[in-house]
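# Overview (structure and organization)
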Amino acid sequence: MAPGDLERKWTKLSQVSGGFRKVKDAVIAHQGGDQQLVLVAVAFGQATTNLFVIFDASGRIINVDISRDFV
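So, here is what we can say about the structure in this document. It should be emphasised that the depicted structure is a prediction, and the values quoted were computed from it without experimental measurement.

## Examining the pattern of salt bridges
Throughout the structure, instances matching the rule amount to 2 salt bridges. R8 is paired through a salt bridge with D5; the nearest N and O atoms lie 2.3 Å apart. With a gap of 3 residues between them, R8 and D5 both fall in helix α1 (residues 3–17), about one helical turn apart. We classify R8 as exposed; its relative accessible area is 54%. A salt bridge links D56 to R60; the nearest nitrogen and oxygen atoms lie 3.0 Å apart. A residue is classified by how much of its surface remains accessible, and D56, at 17% relative accessible area, is buried.

Basis of the calculations
- Counting restarts for each chain, with residues numbered from 1 along the sequence as it is written.
- Whole-chain, interface and lining totals are the exception, using all residues; otherwise, since this is a predicted model, local features are given only for residues with pLDDT of at least 70 and side-chain atom pairs are given and counted only at 80 or more.
- No hydrogens and no water enter the side-chain calculation; it runs on all heavy atoms of the structure.
- By convention in these notes, a salt bridge is any Lys or Arg side-chain nitrogen within 4 Å of a carboxyl oxygen on Asp or Glu.
- Strands are runs of DSSP state E lasting at least 2 residues, helices are runs of H or I lasting at least 4, and numbering of each runs from the N terminus.
- Exposure is judged per residue with a 1.4 Å probe applied to protein chains only, and the accessible area is read against the type maximum: over 50% gives exposed, under 20% gives buried, and values in between give partly exposed.

Following this line, the structure appears as structure tokens:
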């Protein structure tokens, strides 16, 4: 995932949700093979949502997705 792609997703999420407040929790949901999925509970001004953060085997973020019930 290119830094610009991540920045665009974060900016859109922040605008829709009223601004970032804090990370509430992070849990490894799946680990194995070439990828690791981490669920990150994030509080914004008007809502809390889960971000689905996928890391590759080198620990680099390869994708970030937002729960469907939030957007």
